[in-house]
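# Analysis of the macromolecular model
One-letter residues, chain by chain:
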Amino acid sequence: MSDANRTVHVIGAGPAGLMAAEQLAKAGLAVVVHDAMPSVGRKLLMAGRGGLNLTHSEGIDAFVGRYGAAAGSVGAWLDRFSPTHLIGWAEGLGQPVFTGSSGRVFPRAMKASPLLRAWLARLAGLGVEVRTRSRWSAFRRSDEGLEWVFDTPDGERIERPDAVVLAMGGASWPRLGSDGAWAAMLEGVAVEPFRPSNVGFDVAWSGVFADRFAGQPLKPLAMTFDGQTVRGEAIVTRYGIEGGAVYALSAALRDAIERDGTAVLTVDLRPDLSVEALAGRLARPHGKDSVTNWLRKAGGLSPVAVGLLREIPGELPQGSDKLAKRIKAVRLTLTGVQGLARAISSAGGVRLDQLDEGLMLKTMPGVFVAGEMLDWEAPTGGYLLQASMASGATAADGVVRWLGRDPSSKP
Ligand SMILES: Cc1cc2nc3c(=O)[nH]c(=O)nc-3n(C[C@H](O)[C@H](O)[C@H](O)COP(=O)(O)OP(=O)(O)OC[C@H]3O[C@@H](n4cnc5c(N)ncnc54)[C@H](O)[C@@H]3O)c2cc1C
């Protein structure tokens, strides 16, 4: 359909909102995007700091499985906007991608800023109006229907759009704009409480260990929790531990800590060697070496890995077999979960059963929701941006269909 007299407002200018805006404008609708912050896409730009991981190259079944309980819904969004679509889209914005050894897909530029610049230029070319410092703050019901109230530097501004896409993000890293304040404003919509996802965990390190090793990577390692093993790397922090391998297990670890108070993670410090091969190396005599040096040389352990081994209460086991088994199964007790302020993403949000297939709220015709506002979670690896953008495209399709089907019933 094409009807530039119909105006759709998108609230939130992150990856989900901007993707919805692009698709809506391409469908011929007049689009206004609001963001509460002075500039758009702040979390996207932050994501680009450590290398913007756009998506992942693994097969679609495994990919969809990363969304756990939400896989059914997210799978439908990925049908609409798949990892292949996302790569083509990024390349269309002049950002060729490469696939890293882990299967993760990045723009060659690594940063998000060139991609965001090109994206905003494309949106401007499509006639999308972007209003920054425009914070949605309330609904009001009037004789003319639902009114949307925005706080702007010029005071309150009232809008009566034909449809609205809400894309205000989750509740992690609130200083980047997504503070989750919208949850209290969506009356009558079931919202699951926010919880940190892809987050670090507390460990009661000794002061000596924390002073010496905070900031150092433990790699390569494998971590096992609740039957799931992940290879990768982790970083020792003052408060405990964080990093890719930890994030991959973070949903299960968080749930266990919420339930039991603590969780025991099993860490393999030599994932590339079998117990037997490692025991063979450790059977060599110490000579004049201290235990620490000998573990470094014979065991091939980094200083931080030796430190971790010695953090576990009790003496190191005697005998190469027992020691090899310990190195390959260090039991680390996690005592708490870091908060939302430091989490890469959040679990919780608008429950998926509140929406129809086009991501329209069942209780609010004409109001659609996309991105991390929705109740799904996934590990790092490109799964977060992929689902955010795919849901933005799905919501835009929903708007187009809805306006075409029943243009008279406005929100
Ligand atoms: C440090 C870090 C690194 C990351 N790295 C990656 C990565 O490499 N790969 C990956 O896939 N994901 C990564 N992520 C996650 C990814 O950035 C998010 O999942 C994604 O940005 C979510 O998109 P969104 O559009 O739903 O929400 P957001 O990007 O959070 O955008 C929401 C927008 O809504 C605006 N807003 C909020 N409330 C209002 C309001 N009331 N009125 C108007 N505007 C409002 C906010 O200002 C914000 O701009 C990372 C996140 C962090 C914090």
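The following paragraphs examine the structure supplied in this document. Note that the structure is a prediction, hence the values are computed from the model and not measured. (Residues numbered from 1 in each chain as written. Predicted model: local features only at pLDDT ≥ 70, side-chain atom pairs only at ≥ 80, totals over all residues. Heavy atoms only, no water.)

### Let's talk about the layout of surface pockets
Operational definition: Put simply, the grid is 1 Å and covers the protein atoms alone, a cavity is a trapped set of points that fit a 1.4 Å probe, a pocket is an open set with protein on both sides within 12 Å along at least five of seven lines, and lining residues have an atom within 4 Å of a point. Grid points are joined across faces, edges and corners, and a volume is the space filled by probe spheres set on the points. In this description a helix means any DSSP run of H or I spanning at least four residues, a strand means any run of E spanning at least two, and both kinds are numbered starting from the N terminus. Charged residues are taken to be Asp, Glu, Lys and Arg, nonpolar residues to be Ala, Val, Leu, Ile, Met, Phe, Trp, Tyr, Cys and Pro, and polar residues to be all remaining types, Gly included.
The volume enclosed by the second largest pocket comes to roughly 260 Å³. Around the second largest pocket, the lining is made up of 15 residues, and of these V291, L316, P317, Q318 and L323 lie nearest the centre. Those elements giving two or more residues to the lining of the second largest pocket turn out to be α11 (291-299), α12 (303-311) and α13 (320-327). A breakdown of the residues in the lining of the second largest pocket according to their chemical character gives eight nonpolar, five polar and two charged.

### Notes on the pattern of salt bridges
Put simply, the test is: When a carboxyl oxygen of Asp or Glu lies within 4 Å of a side-chain nitrogen of Lys or Arg, that pair is called a salt bridge.
One pass over the full model with this rule turns up 24 salt bridges. A salt bridge links R66 to E58, with the shortest nitrogen-to-oxygen separation between them at 2.7 Å. One salt bridge connects R140 with E156, and the closest N-O pair in it is separated by 2.8 Å. Taken together, the residues R140 in strand β7 (residues 135-142) and E156 in strand β9 (residues 155-159) connect sequence positions 16 residues apart. By sharing partners, the salt bridges in this structure join R195, R254, D255, E258 and E377 into a single network.

### Topic: the side chain of E58
Note the following rule: For the exposure calls, accessible area comes from a 1.4 Å probe over protein chains only, and a residue counts as buried if that area is under 20% of its type's maximum, exposed if over 50%, partly exposed in between. Any pair of residues with heavy atoms lying within 4.5 Å of one another is described as a contacting pair.
Assignment of secondary structure puts E58 in the loop between β3 (55-56) and α3 (60-65). Classification of E58 by relative accessible area gives buried; the value is 19%. What E58 contacts, discounting residues up to four positions off in sequence, is F63, R66 and Y383.

### Quick notes on the packing of helix α10 (residues 275-282) against α13
Defined as follows: Lines fitted to the C-alpha atoms define the axes, with helices restricted to the stretch that makes contact. Angles between their N-to-C directions range from 0 to 180 degrees. When an angle is under 35 degrees it counts as roughly parallel; over 145 it counts as roughly antiparallel; between 65 and 115 it counts as roughly perpendicular; any other value is oblique. Here is the rule for handedness: rotate from the far helix to the near one, and if that takes an anticlockwise turn smaller than a right angle the crossing is left-handed, while a clockwise turn gives right-handed.
It is at 8 Å that the axes of α10 and α13 come closest, and there the two elements cross at 125°. Considering the angle they form, α10 stands oblique to α13. For α10 against α13, the interelement crossing comes out right-handed. Contacts from V275, L278, A279 and L282 of α10 reach α13 at S320, D321, L323, A324, K325 and I327. Across the contact of α10 with α13, the residue classes break down as seven nonpolar, one polar and two charged.

### Details of the nonpolar core
Spelled out, the test is: Put simply, a nonpolar core is a bunch of buried Ala, Val, Leu, Ile, Met, Phe, Trp, Tyr and Cys residues held in one set by side-chain atoms that sit within 4.5 Å of each other.
Residues L24, W89, W119, V165, L166, V350 and W376 are the most contacted members of the largest nonpolar core, which totals 82 residues. By residue number, the principal contributor to this core is helix α14 (residues 383-405), which donates 13 residues. Every residue in contact with W119, bar those within four places of it in the chain, is listed here: P15, L18, M19, E22, L44, W89, L93 and M389. Grouped together as the second largest cluster of nonpolar side chains are 47 residues, A210, I241, L249 and L323 included.

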